[in-house]
Amino acid sequence: MELPAAFSDYTRALLGIGEYNKLADVLEGEQPVSIRLNEDKLSDSSFGLFHAFSEPVPWASTGYYLRNRLTFTFDPLFHAGCYYVQEAASMFVEQALRQYVSDSPVVMLDLCAAPGGKSTHTRSLLPEGSLLVANEVIRNRSQVLAENLIKWGHPDVVVTNNDPADFAPLKDFFDVILADVPCSGEGMFRKDPVAVSEWSLENVEICWQRQRRIISDIWPCLKPGGILLYSTCTYNVKENEENIRWMRDKLGAEVLPLETSADWNITGNLLASEEFPVYRFLPHKTKGEGFFLAVVQKKAGSSISNSAGECSFFRRKGTKTAGISKESCSSLREWILAPDNYELFPNGSSVRAFSQCHFPVLSVLQSSLRIVQAGVDVAELKGRDWMPCHSLAVSRVLRKDAFVREDIGYEQAVSYLRKEAITLSAAIPRGVVLLTYKNIPLGFVKNIGNRANNLYPQEWRIRSGYLPEAVLELGTVLWES
């Protein structure tokens, strides 16, 4: 890899000749591959079996470095949301949430969320009863974000497609904000050759100014006493320490420390004469790519408030599921667990389920933001019949015994994910059938006798028509090794 000369000169001065040479050598090597397992979909025993195939990421409770790369595209359990492929250093966000977000429910915003690694991670870590708002300003990336969060399966999520400035009406609204801001991407050089070709000192200047505009736009939306997690995937101090110093001096933010292990080899503050705590991952010292994180608090003399618990005070009177008959509501409620905890409401020709506690919050969000996805799409009206939506199949609110189930083999699972016709066993009755793979819900089909119509989302299908000769999938690792 030929690093930009200006980057080499700057980083050599920042780290010193010896440390820079070590960094440059590592960037020529192979990048580690890491994933996070989904505790909502895999049992504790599955995690134990996985240890033999992997090395735990020390700062992430469900993160693992793979000794052998899985065949992600052709792994049914990847598409079922059993794990997410995420860079290990970025999983360090877990430490901030565990140390500063208490057991009380919160409303959290992931501001620059696509493709969804940190969103799926934080959704798994937030206290029960919390709501996550995951935002992406670029429209097509917001669709990818929604797909990944739907597959992850947690119902208490809202996906939005907005510029940070659009959040202005939501003053003092969020308890926690994660701002993984767009940056010059120095930490991605080994992973993405485009990041190398696009890097320049001019781009660094553009980035730190844009980052301050983003924080300026979103800071009023953080509640007094709330926590903001600021992160980048770059090394320089302009986009990192200097922005944290600016937040402290101009916004009055307090920079908070994190408890870490010396074994993690995290690099601290590189800005001369400043001692506030920040956390930088350098790939020659930690196993992963480049990453920077700082935790700041909006001063107020109060702890993080329980936004989710206050929802009942703002609940709209007479909320109704307009356009849906009582009979339809009754039958659809039979498809979800704990149905009394959810509001069912129309969304075009489909019906969504959203937590009752957060329904007033959703109403406020809808008044200011473009909503891409909210809660769980339960069913879509096809003619006179309600057909279950795919998001229900992969959601943890699915009541599995509400449908006839058929556990299918690997070849059929891949065919299903390609949205090809599926043939079921003769014993399976006609009607909607929930397909599972390794007993994990994969999606729905409608059995019409001689074949089953595939209800997998067209836009999510595996487009490749070939199958690699050697396939390594999570199911094989967990249950067939």
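The structure presented is a predicted model; accordingly, all values stated were derived computationally and were not measured. (Residues numbered from 1 in each chain as written. Predicted model: local features only at pLDDT ≥ 70, side-chain atom pairs only at ≥ 80, totals over all residues. Heavy atoms only, no water.)

Looking at this model, I keep getting lost on empty space enclosed by the protein. Mind explaining?
Gaps left between atoms show up when a probe the size of a water molecule is rolled over them. Counted by the stated rule, this structure contains two cavities of 30 Å³ or more. Of the voids in this model, the largest cavity is the one considered here, and its volume is about 90 Å³. Lining the largest cavity are Ala146, Leu149, Ile150, Gly153, His154, Val157, Val159, Gln373, Gly375, Val376, Ser391 and Ser395. Elements that contribute at least two residues to the lining of the largest cavity include exactly α7 (139-152) and β7 (157-160). Among the elements that make up the lining of the largest cavity, the one with the highest residue count is α7 (three residues). Looking at the lining of the largest cavity residue by residue, the classes come out as six nonpolar, six polar and no charged. Around the second largest cavity, the lining residues are Arg36, Leu37, Glu39, Ser61, Thr62, Glu94, His121, Ser124, Leu125 and Trp152. At the level of elements, β1 (34-37) and α6 (117-125) are the ones that each hand at least two residues to the lining of the second largest cavity. When residues of the lining of the second largest cavity are assigned to their parent elements, the largest contribution, three residues, is made by α6. Considering only residue class, the lining of the second largest cavity consists of three nonpolar, four polar and three charged. (1 Å grid on protein atoms, 1.4 Å probe; cavity = no way out; pocket = protein on both sides within 12 Å on 5 of 7 lines; lining within 4 Å. Points joined across faces, edges and corners; volume = space filled by probe spheres on them. Helix = DSSP H or I, 4+ residues; strand = E, 2+ residues; numbered from the N terminus. Nonpolar A, V, L, I, M, F, W, Y, C, P; charged D, E, K, R; others polar.)

Sorry if this is basic, but what is going on with unusual backbone geometry here?
Across residues other than glycine, the phi torsion is negative in most instances, and most of the peptide bonds are trans. In this model, Ala114 is joined to Pro115 through a cis peptide bond whose omega is 5 degrees. Mapped onto the secondary structure, Pro115 falls in the loop between β5 (107-110) and α6. Positive phi, close to 55 degrees, is recorded for Asn265, a residue that is not glycine. Locating Asn265 in the fold gives a position in the loop between β10 (254-256) and β11 (279-281). Judged by relative accessible area, which is 37%, Asn265 ranks as partly exposed. Although it is not a glycine, Ser273 adopts a positive phi angle of roughly 75 degrees. Given a relative accessible area of 72%, Ser273 falls into the exposed group. (Buried < 20%, exposed > 50% of the residue type's maximum accessible area, 1.4 Å probe, protein only.)

Can you walk me through the sheet that holds strand β4 (residues 83-85) in this structure?
The strands that make up a sheet are held in pairs by hydrogen bonds between backbone atoms, and each pair lies either parallel or antiparallel. Overall, antiparallel pairing links the four strands, which are arranged β2-β3-β1-β4 in an open sheet. A strand with exactly one partner marks an edge of an open sheet, and here the two such strands are β2 (54-56) and β4. When the angles between neighbouring strand axes are averaged without regard to direction, this sheet yields 35 degrees. Strand direction decides the pairing type here: β2 and strand β3 (residues 63-66), joined by three bridges, are antiparallel. Paired with Ser54 across the strands is Leu66, a residue of β3. (Pairing = 2+ DSSP bridges. Axes fitted to C-alpha atoms, helices over the stretch in contact; angles between N-to-C directions.)

Can you help me understand the pattern of salt bridges in this one?
Charged atoms that come close allow side chains of opposite charge to pair. Per the stated rule, a full pass over the model turns up 21 salt bridges. Residue Asp9 is joined to Arg12 by a salt bridge in which the shortest nitrogen-to-oxygen separation is 3.3 Å. Placement of the pair is Asp9 and Arg12 together in helix α1 (residues 5-15), with a separation of three residues, close to one helical turn. Two residues, Lys382 and Glu380, come together in a salt bridge whose shortest N-O distance is 3.9 Å. By relative accessible area, Glu380 is classed as partly exposed at 28%. Through salt bridges with shared partners, a single ionic network connects Arg245, Arg248, Asp249 and Glu274. (Salt bridge = Lys/Arg side-chain N within 4 Å of Asp/Glu carboxyl O.)

For this particular structure, what's the right way to read the UniProt feature "binding site: S-adenosyl-L-methionine" (unreviewed entry) in the protein?
Annotation from UniProt places "binding site: S-adenosyl-L-methionine" (unreviewed entry) at Cys112, Ala113, Ala114, Pro115, Gly116, Gly117, Lys118, Glu136, Asp163 and Asp180. Aside from chain neighbours lying at most four places away, what touches Glu136 is Leu111, Cys112, Ala113, Ala114, Arg141, Ser142, Leu145, Thr160, Asn161 and Asn162. A distance of 3.1 Å separates a polar atom in the side chain of Glu136 from the backbone nitrogen of Ile138. As for its placement among the helices and strands, Asp163 is situated in the loop between β7 and β8 (174-180). For Asp163, a relative accessible area of 34% puts it in the partly exposed group. The residues touching Asp163, leaving out its near neighbours within four places in the chain, are Val137 and Asp217. Engagement of the side chain of Asp163 in a polar contact is seen with the backbone nitrogen of Ala165, the distance being 2.9 Å. (UniProt positions renumbered as here; feature names shortened; annotations may be inferred. Contact = heavy atoms within 4.5 Å. Polar contact = N/O pair within 3.5 Å; in protein donor to acceptor, adjacent residues only side chain to side chain.)

Would you mind showing me how to read α7 here?
Each α-helix winds once per 3.6 residues, and so residues spaced three or four apart point in a common direction. Spanning 14 residues, α7 covers 20 Å between terminal C-alpha atoms, matching the ideal 20 Å at 1.5 Å per step. The complete set of buried residues in α7 reads Ser142, Leu145, Ala146, Glu147, Asn148, Leu149, Ile150, Lys151 and Trp152. Phi for Gly153, located one or two positions after α7, is positive at around 100 degrees. (Expected span 1.5 Å × (residues − 1).)

Looking at this structure, how should I read the environment of His390?
Checked against the element boundaries, His390 lands in helix α13 (residues 390-393). The contact partners of His390, leaving out residues within four places of it in the chain, are Tyr416, Leu442, Gly443, Tyr456, Pro457 and Trp460.

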